[in-house]
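Coordinate inspection notes
This is what each chain is made of:
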Amino acid sequence: MGSARPQSLKPDPASVRNQGEEPLDARDESDETLMLRFCDGDSRAFEQLFQRHAGAIQGYLVRLVGATVAPDLTQASFLSVVRARGRFDRSARFKPWLYAIATNAARDFRRRRRPDELTSSGELPDAPVRPGQETQADERMQARVHSAIEQLPENQRVAVIMHRFQELSFAEIAEALGVSESAVKVRAHRGYKRLRELLRGLWESQ
Amino acid sequence: MSRLGEPLDSTLAEHVKGCLSCQETLSTHEGLGKAGVAASASALWPAVAKRASAELARKPKASRWWFSALALSALNVLVAGLASFSFHRLGLNGNPTPTPVRWPLAGVLLGLLFAGPLFALAPRRRSSLLALVLIALSAGAGVVWLGSGTGPSEPLSTGMGCLISEVGLSLLPVGFGLWILSGSAFHPLRALSLSLCCATAGLLALDLHCPDGRAAHLFLFHVGPWILVGALAFLLRARLPSRTFAP
């Protein structure tokens, strides 16, 4: 077991300057190794995990609950990693666990908001895109895809977003959601089918 | 579906050519890729680092989840044991149910008290939660149906003492259980199963010592309050904020 004394997590000027870059010695370490190091008291490992996954988690939360609250929920998700590190199963994979946390944070947000504050899919209305979120396609397509995804039932929406946009495997999604892999495939298949109907003609016209 | 997003081998590619459903799924998958959102969260790091540092300074070493589950199990058994001892000292030893029926049922209730929290709080055993709820409810039904059917010739309303004991003995375990539950994301089955297990302390002590074995008494003053406490704890957990969102 490593030292129980945590190192400082105060923002390191070098790491802030090289945002998104990991120290050379951490690049080859798996998420699971880093998480185990963190559980054993190495707080630098947590910073590396944050740098690896925070952008993806925020992107996931933008799709689930909108851009307004996604940064707060991203923070809450990573603080949950810190506070609940004792609940991390040392034989499990880190990425599904982290996505399970982010999904739970989004669900909790929707559950606690008054219904009149949210759109039908549980987002804050008119969520503006924050600076720093680089769009890869034109805004019109984004809006239409976003609107179509909003219309999916939650279980299909989560499966499609995790699979298509976060590039998780079906096995990882199943682990994150605590359901069987075949159940995830059914949800994703139904989600893609419904999206095909909702977005008919969009890509043909591009 | 298994190979969606991966390069297709010749057999699958041949299948897709003749399958409209697969073609549609593939083209939707491909089209969605054009609408990706790339988010940068590095600006969040200073705030996360500050709060994480404070958290790590407060609690440098992570304690494994089963420490608190075991502590709850021990508390459950302690409360049931102390209640049982107190009832014995008060001369309440009148359960007339035959021993071959009474002790196996007591064994199931004791199992719920001790093993219940370990199963309910395990991060990766979410599939066992429904089974745990069903076992708990079956045990509750067993308390009513396996009762002796006999009792003192007093009106049912004298059973208020049992009701108060059941609720009072549940308070401490249920309170501790709620505190532990709020340390992870709200999960309805987990909250319900743990609440029922924690409220079992009073049920076990009453089942061993109460002289009234009439089904109406057992239902109204033993099992009814037990279900009520479990349901109230579940509703309370649904409203309590979560300290973390971990599964």
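Please refer to the structure higher up on the page.
Rules used in this analysis
- Counting from 1, residues in each chain are numbered in the order their sequence is written.
- Here the convention is simple: chains get letters from A, ligands get numbers from 1, in the order in which they are written.
- With pLDDT at 70 or above as the cut-off, local features in this predicted model cover only qualifying residues; side-chain atom pairs require 80 or more to be listed or tallied, and sums for whole chains, interfaces and linings still use all residues.
- Each side-chain value is derived from all of the structure's non-hydrogen atoms; neither hydrogens nor water enter the calculation.
- Put simply, DSSP marks the helices as runs of H or I at least four residues long and the strands as runs of E at least two long, and each gets a number from the N terminus on.
- Three labels apply to residues, based on accessible area from a 1.4 Å probe with only protein chains included: buried if under 20% of the type maximum, exposed if over 50%, partly exposed otherwise in between.
- Whether two residues touch is decided by their heavy atoms; if any such pair falls within 4.5 Å, the residues are in contact.
- Values of accessible area rely on a 1.4 Å probe in the Shrake-Rupley scheme; residue burial ignores everything except the protein chains shown.
- Using protein atoms alone on a 1 Å grid, points that fit a 1.4 Å probe yet trap it form a cavity, whereas open point sets bounded by protein on both sides within 12 Å along at least five of seven lines form a pocket; residues with an atom within 4 Å of a point count as lining.
- Grid points are joined across faces, edges and corners, and a volume is the space filled by probe spheres set on the points.
- Amino acids are sorted into nonpolar (Ala, Val, Leu, Ile, Met, Phe, Trp, Tyr, Cys and Pro), charged (Asp, Glu, Lys and Arg) and polar (every other residue, Gly among them).
- Take the buried residues of types Ala, Val, Leu, Ile, Met, Phe, Trp, Tyr and Cys, join any two whose side-chain atoms come within 4.5 Å, and each joined set is a nonpolar core.

Considerations on the overall build of chain A
Within chain A, the regular secondary structure consists of nine helices and one strand. Within chain A, the fraction of its 206 residues that count as buried is 52%. In chain A, 67% of the contacts between residues at least 6 apart in sequence involve partners at least 24 apart. Element-wise, carbon and sulfur atoms account for 47% of the exposed surface of chain A, whose accessible area totals about 9300 Å².

Section: empty space enclosed by the protein
Residue and element names in this part refer to chain B. Applying the stated rule across the entire model yields one cavity of 30 Å³ or more. Here the largest cavity defines a volume of roughly 100 Å³. Along the wall of the largest cavity there are 15 residues; nearest its centre are Asn 95, Thr 97, Gly 147, Asp 207 and Leu 218. Elements supplying a minimum of two residues to the lining of the largest cavity: helix H5 (99-121), helix H9 (200-209) and helix H10 (215-239). Looking at the lining of the largest cavity residue by residue, the class counts come to seven nonpolar, five polar and three charged.

Regarding the nonpolar core
Ranked by size, the top nonpolar core spans 66 residues in total, and within it Met 35, Phe 46, Tyr 60, Leu 61, Val 81 and Met 162 of chain A carry the most contacts. Counting residues in each nonpolar core, the second largest holds 49 residues, with Cys 197, Leu 204, Leu 208 and Ala 233 of chain B among its members.

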